[in-house]
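Inside the fold
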Number of protein chains: 2
Amino acid sequence: MPAAVRPYHHGNLKETLRDAAVALIAETGPRGFTLREAARRAGVSHNAPYRHFRDRNDLLAAVAADGFDRLARAMTRAAGRSGPLNRLRRSGLAYVDFALRWPQHFAAMFDAPWKDTDYPECAAAAQRCFGTLLGFVRQCQDAGQMPPGDTERRAYHAWSLVHGIAKLANAGQFPWRSKAEVLRFCAFCTGEGSVGLQTAPQRGKK
Amino acid sequence: MPAAVRPYHHGNLKETLRDAAVALIAETGPRGFTLREAARRAGVSHNAPYRHFRDRNDLLAAVAADGFDRLARAMTRAAGRSGPLNRLRRSGLAYVDFALRWPQHFAAMFDAPWKDTDYPECAAAAQRCFGTLLGFVRQCQDAGQMPPGDTERRAYHAWSLVHGIAKLANAGQFPWRSKAEVLRFCAFCTGEGSVGLQTAPQRGKK
DNA sequence: ACCTGAACACCGTTCAAGT
DNA sequence: ACCTGAACACCGTTCAAGT
């Protein structure tokens, strides 16, 4: 057997399996994904994956970690080089865009049970992702475009908003059918001089 | 066999199965839930459920619809009889509280694939749930506590925020370990004269 | 109408065995 | 070290059959 037919003995079976899992999840969702089918696509026996992953959840965690890396890159890329507040908003739009573009990948990142046990590489990737957002919020504060203090909480606040939009959109709970409409809604939520839901100014009070 | 031993021939097998599913999901998560185990707990054969539910997803949809009903009731109850803005905030807190108290039920409501096919009773229950929120936003606008117009979008905005908080909390993405801390964060997000993320006032601009 | 048992084609996971 | 085949205890779903 030439090496081209069996390249899995050279150490890249792990990545091959992860990519097969990504493709499989993209097709049928995290629930439809099976270890045996991933192995089948990688051209190995149904329990070869156990040489590289503890169990099914461990492979899902690898998919999730890969997703967090891609998401962080997409946010940084989208932010560009404009003012801090616009960078924050654009990264939020990129977050929602990512979720709509790779709904299954997104589900593997947040709905999988990888918090049950320890999947350090996955938690680290998620932390890097949040760190990107935190940096943008800090820049907004440094530039006087957001109130000072509570930097972490404000970043978690921004994350919650875009995460909720992404999740509800993927769950089909919004009336908007196209991705463009959802992104317009996201811009609505983060626009108008706030990155949140506006209340009327408390006139006459204090 | 006395009726007490076999009460399932009288038409309440459907509810019994749904409650068994709820309990099962609460114990092991939506993924751990199986039709066969639910049937076992209900004391019927492993395919008796097919008399009442099309398939596994159909039973999950019944669980989800039940969850939406409970959530809507919890939000209305929590709102109480104070001012409109406080009612909106309290219902948001109740939303997050519900998600933290019944994480698996909440997952069945939003992560299950019941949007793939038609589960009308589930969609209707979700709509009633959103309608509660929409009513509170409208009352805020009528009382001049939120800017007029875009009522639907503002309600979806509020929903997105609390949904994101609930989801990220249940995914273990927040640093806060206790429910009380998460609820305090939720109050932080919806407090301070806004129900969203504050940006600094655009001084000097228009 | 409602429920049952047997059957089919799948899973995840384990284990002894091969190179 | 890395991979395989057989085996175990599960699934969801279908179908002919029972009352």
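Note that this is a predicted model, so its numbers are computed, not measured. (Residues numbered from 1 in each chain as written. Chains lettered and ligands numbered in written order. Predicted model: local features only at pLDDT ≥ 70, side-chain atom pairs only at ≥ 80, totals over all residues.)

What about the overall build of chain A?
- Counting its regular elements, chain A contains eight helices and zero strands.
- Reading chain A from its N end, one meets helices and strands in the order α-α-α-α-α-α-α-α.
- The burial tally for chain A puts 44% of its 206 residues in the buried class.
- In chain A, the share of contacts with a sequence separation of at least 24, taken over all contacts with a separation of at least 6, comes to 68%. (Helix = DSSP H or I, 4+ residues; strand = E, 2+ residues; numbered from the N terminus. Buried ≥ 20, exposed ≤ 12 C-beta atoms within 10 Å, placed from the backbone. Contact = placed C-beta atoms within 7 Å.)

Thoughts on the packing of helix α4 (residues 84-101) of chain A against helix α8 (residues 179-190) of chain A
Residue and element names in this part refer to chain A.
- For the pair α4 and α8, the least separation of the axes is 10 Å and the interaxial angle reads 150 degrees. For the element pair α4 / α8, the angle class is roughly antiparallel. Handedness of the α4/α8 crossing: right-handed. From α4, Arg 89, Gly 92, Leu 93, Val 96, Asp 97 and Leu 100 reach across to α8, where they touch Lys 179, Val 182, Leu 183, Cys 186, Ala 187 and Thr 190.
- Here the contact of α4 with α8 is built from residues that sort into seven nonpolar, two polar and three charged. (Axes fitted to C-alpha atoms, helices over the stretch in contact; angles between N-to-C directions. Parallel < 35°, antiparallel > 145°, perpendicular 65-115°, else oblique. Left-handed = near helix turned anticlockwise from the far one by under 90°. Nonpolar A, V, L, I, M, F, W, Y, C, P; charged D, E, K, R; others polar.)

What to know about the protein's contact with DNA strand C
- Around DNA strand C, a shell composed of 17 residues is seen, among which Thr34(A), Leu35(A), Arg36(A), Asp55(A) and Ser45(B) lie nearest.
- At three residues, helix α2 (residues 35-42) of chain A tops the list of elements feeding residues into the surface near DNA strand C.
- Each residue belonging to the surface near DNA strand C can be placed in one class, and the counts come to six nonpolar, six polar and five charged. (Near = placed C-beta within 6 Å.)

Thoughts on helix α8 (residues 179-190) of chain B
- For α8(B), spanning 12 residues, the distance from its first C-alpha to its last is 17 Å, which sits close to the expected 16 Å at 1.5 Å a residue.
- Among the residues of α8(B), Val182(B), Phe185(B), Cys186(B), Cys189(B) and Thr190(B) are the ones counted as buried. Along the axis of α8(B), the buried residues cluster in a sector spanning 130 degrees; they form a single face.
- Residues of α8(B) that are buried make contact with α7 (151-170) of chain A together with α4 (84-101) and α7 (151-170) of chain B. (Expected span 1.5 Å × (residues − 1). Arc of directions from axis to C-beta.)

Re α4(A)
- Here α4(A) spans 25 Å end to end across 18 residues, near enough to the 26 Å set by a 1.5 Å rise per residue.
- Burial analysis of α4(A) places 15 of its 18 residues in the buried class, which makes it a mostly covered element.

Examining the nonpolar core
- In this structure, Ala21(A), Ala64(A), Ala21(B) and Ala64(B) are the most contacted members of the largest nonpolar core, which totals 122 residues.
- Residues contacting Ala21(A), with those up to four places away along its chain left out, are Phe33(A), Ala38(A), Leu59(A) and Val63(A). (Core = buried A, V, L, I, M, F, W, Y, C linked by C-beta atoms within 7 Å.)

A closer look at the protein's contact with DNA strand D
- Neighbouring residues of DNA strand D: 17 residues in total, closest Ser45(A), Thr34(B), Leu35(B), Arg36(B) and Asp55(B).
- Counting residues per element, the surface near DNA strand D draws most heavily on helix α2 (residues 35-42) of chain B, which supplies three residues.
- Grouping the amino acids of the surface near DNA strand D by side-chain chemistry returns six nonpolar, six polar and five charged.

Details of unusual backbone geometry
- If you check the backbone angles, Asp150(A) has positive phi at about 55 degrees while not being a glycine.
- Judged by the 16 C-beta atoms lying within 10 Å of it, Asp150(A) falls in the partly exposed class.

Observations concerning the packing of α4(A) against α7(A)
All names here are of chain A.
- Remark: α4 packs on α7, axes separated minimally by 9 Å, with the N-to-C direction vectors making an angle of 25 degrees. Taken together, the axes of α4 and α7 are roughly parallel relative to one another. In the crossing of α4 with α7, the sense of the turn from one axis to the other is right-handed. Residues Leu 88, Gly 92, Tyr 95, Val 96, Ala 99 and Leu 100 of α4 form the contact with α7, whose participating residues are Ala 158, Val 162, Ile 165, Ala 166, Ala 169 and Asn 170.

Looking at the environment of Gly131(A)
Residues and elements named next belong to chain A.
- Relative to the elements of secondary structure, Gly 131 occurs in helix α6 (residues 120-142).
- Given 12 C-beta atoms within 10 Å, Gly 131 falls into the exposed group.
- Note: C-alpha distance between Gly 131 and Glu 152 (21 residues apart in sequence) is 9.7 Å.

So, the environment of Leu183(A)
Residues and elements named next belong to chain A.
- Within the fold, Leu 183 resides in helix α8.
- Overall, the presence of 18 C-beta atoms within 10 Å leaves Leu 183 in the partly exposed class.
- The spatial distance from the C-alpha of Leu 183 to the C-alpha of Leu 100 is 9.6 Å, given a sequence separation of 83 residues.
- Contacts of Leu 183, omitting those with residues within four sequence positions, involve Leu 93, Val 96 and Asp 97.

Some thoughts on the environment of Val96(B)
Residues and elements named next belong to chain B.
- Take Val 96: it is sitting in helix α4.
- Residue Val 96 is classed as buried on the basis of its C-beta count, with 27 C-beta atoms lying within 10 Å.
- Expressed as a C-alpha distance, the spacing of Val 96 and Val 44, which sit 52 residues apart in the sequence, is 36 Å.

As for the confidence of the model for chain A
All names here are of chain A.
- Averaged over chain A, the pLDDT score is 87; the fraction of residues at 70 or greater is 85%.
- Model confidence for chain A, summarised as mean pLDDT per element, is weakest for helix α1 (residues 13-32) at 90 and strongest for α7 at 97.
- Scored below 50 in pLDDT, residues 1-8 makes seven contacts in the model with residues more than four places away or belonging to other chains.
- Segment residues 201-206: pLDDT under 50, and one contact once partners within four positions in sequence are set aside and those in other chains are kept. (pLDDT = per-residue confidence, 0-100.)

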